[in-house]
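Residues per chain are reported as follows:
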Amino acid sequence: MIHVQDASNFLKIIKVGLTTLYKIIPVEPFNLVLFGGTGDLARREILPGLYRRFHVGQVQPGSKIIAIARKHLTEQEFLNFVREAITENLDSKLIEETNLVKFLSLISYRSLDANNKNNWESLKGSLDLSLTTAYYLSVGPSIFSSIISNLAHHDLIRVNSRIVVEKPFGHDLASAKELNRKLSKVFDEGQIYRIDHYLGKETVQNLMALRFGNVLFEPLWNSQYIDHIQITVAEKGGVGGRGEYYDNSGAMRDMVQNHLMQLLCLVAMEPPSKFSPDAVRDEKLKVIRSLEPLAANDIVLGQYGQGGSVPSYREDVGNNTSTTESYIALKCNISNWRWANTAFYLRTGKRLRKRVSEIAVVFKKLPHSIFLDHPQINGNVLAIRLQPNEGINMTVTIKEPGPGGMRLIEVPLDMSFAKSLHGEVGNLTNAYERLIMDVIRGNQTLFMRGDEVEAAWKWTDTVISCWQNNRKQPQIYDPNTSGPEDAYMLTNKDQRRWREIEV
Ligand code: BG6
């Protein structure tokens, strides 16, 4: 136990903390075959992320990154693309020319059409399949199936092969089952990595550390002490260049079925017996299976209208009769012993006021106040912020300093990770690079298991059918607001209020 007596001692503690944080566990040389190598995700996240892991010494020389796409590019043209991807997306302090050149020497490019059989043999010839080999499907779902069959047909799968599947993992329960069936024909469940990048976010993992690494919270983590929980993933941006995909999906399929569902699972699950892939995923699955079906008045749909120079959703997706939701708010219940009658309010939307993701645990009001001037004392709120400014904030009631009697105020106990860790939190790892390293190490804890994805779709399908059967239409909301007016009613009718969407 270290007692903080003076500033120099305090610094030592921070250093001890940082040394632990910087501990890099190198991974053995591997092959990463990246389908969709010229795509947006590869450019923004995967390639820059891999460079960072190389830069800090985690990715070892001897590893190979083979990018695959349909485009005919020379090797040099592709390397220029990687260089641009890295310089555009990473802090210049991280980019060292000699290191970058070494990193580029690990990369090669192949033009290959997943739908035909040409060039697969030559791909095979370039891989040492005795190394761990990850096939990363960063492509549209329509070609998942051809890639999987070609990998099998060309004998590219070994016991140490892994397949990484990007979302969307299906469009509904039936398509998710079909994809699971195809995958399981050629891969064991232990080789399948279904990515949900929210699980790779620093604070999401911290939620598990907070709940299961502290004695303070777990005894209170139930319906007896918690009034309700709010999960918000608000985005400032619109649908960008993904209009066609988004208009066929909407916020429920694009965000709730996966990202918000995962956050809900981590906040609501029972403590797993250990931090191991199946122990964690078994508990998450139980949460999803305990979700009650929703009634129509537990669902609010919204769609952003036009505002100033900002185009409307319909203009963005090029469909002027679209009824797809760019915003959704839900009131959910988990029917188990721990959470009976505790409301979980979920909301997510595009073109909202700010980009904010947080989980807020709102504790119950005090059963009795001893302070005559304050007959009602609000419950504490524990807010776990995913982005921006990752951290944890807890409101507590204290006495307002100074004379004037016993005046109570609520103040935040703010633990911003960036501040506590000397601004390092954002520089450590991003979600994708952490998850890719887990794939190579063979750790599935932060990936979704087949049964989990199917259970999530099963519930999602019931929610979608509920609003379709009730002919619910999205309410138009102004851009840069907190979403549609009806969303306020969802909490107001329970005498509760959404937290402000603010940074
Ligand atoms: C993706 C969704 O999975 O997550 C996008 O398809 C969304 O629509 C994105 O914008 C949000 O991710 P993040 O990490 O920016 O919160």
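Scroll up to find the structure.
Residues numbered from 1 in each chain as written. Predicted model: local features only at pLDDT ≥ 70, side-chain atom pairs only at ≥ 80, totals over all residues. Heavy atoms only, no water.

### Quick look at the environment of Gly 243
No. 1: In this fold, Gly 243 is placed in helix α9 (residues 243-268).
No. 2: Relative accessible area serves as the criterion here: at 8%, Gly 243 is assigned to the buried category.
No. 3: Residues Gly 243 and Gly 318 lie 75 residues apart in sequence; the distance between their C-alpha atoms is 7.4 Å. (Helix = DSSP H or I, 4+ residues; strand = E, 2+ residues; numbered from the N terminus. Buried < 20%, exposed > 50% of the residue type's maximum accessible area, 1.4 Å probe, protein only.)

### Considering the packing of aromatic side chains
No. 1: This structure, assessed with the given rule, holds 13 aromatic pairs.
No. 2: Ring geometry for Tyr 304 against Tyr 313: centres 5.6 Å apart, planes inclined by 85°, an arrangement best described as edge-to-face. The same class applies to Tyr 304 and to Tyr 313, which are both buried.
No. 3: Taken together, the aromatic side chains of Tyr 246, Tyr 304, Tyr 313, Tyr 327 and Tyr 477 make up a single cluster linked through ring pairs.
No. 4: Taking the ring centre of Tyr 198 as reference, the NZ or CZ of Lys 201 above it sits at 4.6 Å. (Phe/Tyr/Trp six-rings, centres within 6.5 Å; stacked < 30°, edge-to-face > 60°. Lys NZ or Arg CZ within 6 Å of the ring centre and 35° of its normal.)

### What about the sheet that holds strand β10 (residues 343-349)?
No. 1: If you walk across this open sheet you meet the 9 strands as β14-β13-β12-β11-β7-β10-β9-β8-β15, and the pairing is mixed. Because the sheet does not close on itself, it has two edges, and the strands there are β14 (408-416) and β15 (475-477). Looking at each pair of strands side by side, their axes are set apart by 20° on average, direction ignored.
No. 2: Here strand β12 (residues 381-387) runs beside strand β13 (residues 391-399); their pairing, made up of 5 bridges, is antiparallel. Note on β13: the bridge partner recorded for Leu 382 is Met 394.
No. 3: Packed onto the sheet, helix α8 (residues 202-212) meets β11 (356-363), β12 and β13 and runs at close to 150° relative to β12. (Pairing = 2+ DSSP bridges. Axes fitted to C-alpha atoms, helices over the stretch in contact; angles between N-to-C directions. Contact = heavy atoms within 4.5 Å.)

### Digging into the nonpolar core
No. 1: Within the largest apolar cluster, 116 residues are counted, with the highest numbers of intra-cluster contacts made by Phe 103, Tyr 136, Val 267, Leu 330, Phe 344, Leu 382 and Trp 459.
No. 2: For this core, the element with the highest residue contribution is α9, accounting for 13 residues.
No. 3: Tyr 136 has contacts with Leu 32, Val 33, Leu 34, Phe 35, Leu 41, Ile 46, Val 164, Glu 166, Ile 195, Tyr 432 and Ile 436, leaving out every residue within four places of it along the chain.
No. 4: Core analysis: the second largest hydrophobic core is formed by 31 residues, Leu 173, Leu 183, Met 448 and Trp 457 among them. (Core = buried A, V, L, I, M, F, W, Y, C linked by side-chain atoms within 4.5 Å.)

### Quick notes on unusual backbone geometry
No. 1: For the peptide bond that leads from Lys 167 to Pro 168, omega is 5°, which places it in the cis range.
No. 2: The topology assignment puts Pro 168 in the loop between β5 (161-165) and α7 (173-186).
No. 3: Here the residue pair Gln 387 and Pro 388 is connected by a cis peptide bond, since its omega of -15° sits within 30 degrees of zero.
No. 4: If you trace the backbone, Pro 388 turns up in the loop between β12 and β13.
No. 5: With a phi angle near 50°, Asn 389 is a residue other than glycine that sits in the positive phi range.

### A short note on the sheet that holds strand β3 (residues 107-111)
No. 1: Pairing in this open sheet of 6 strands is parallel, and the strands run β3-β2-β1-β4-β5-β6 from one edge to the other. The open sheet has two edge strands with one neighbour each: β3 and β6 (192-194). Sheet twist, expressed as the average angle between the axes of neighbouring strands with direction ignored, equals 20°.
No. 2: Sheet contacts for helix α14 (residues 431-441): β1 (30-35), β4 (132-137), β5 and β6; angle to β4, the most-contacted strand, approximately 140°.

### What about the site of the ligand?
No. 1: Around the ligand sit Lys 167, His 197, Tyr 198, Lys 201, Glu 235, Arg 242, Asp 254, Met 255, His 259, Lys 350, Arg 355 and Gln 387, and that is every residue in its neighbourhood.
No. 2: Tyr 198 is positioned such that a nitrogen or oxygen atom in its side chain is 2.5 Å from an oxygen atom of the ligand.
No. 3: A distance of 2.7 Å is found between an oxygen atom of the ligand and a side-chain nitrogen or oxygen belonging to Gln 387.
No. 4: Within the complex, 80% of the 400 Å² of free accessible area of the ligand lies under protein.
No. 5: For the shell around the ligand, the leading source of residues is α9, giving 3 residues.
No. 6: Taken together, the residues of the shell around the ligand break down into 2 nonpolar, 3 polar and 7 charged. (Near = heavy atom within 4 Å. Polar contact = N/O pair within 3.5 Å; in protein donor to acceptor, adjacent residues only side chain to side chain. Areas by Shrake-Rupley, 256 points an atom, 1.4 Å probe, with all protein chains shown as cover. Nonpolar A, V, L, I, M, F, W, Y, C, P; charged D, E, K, R; others polar.)

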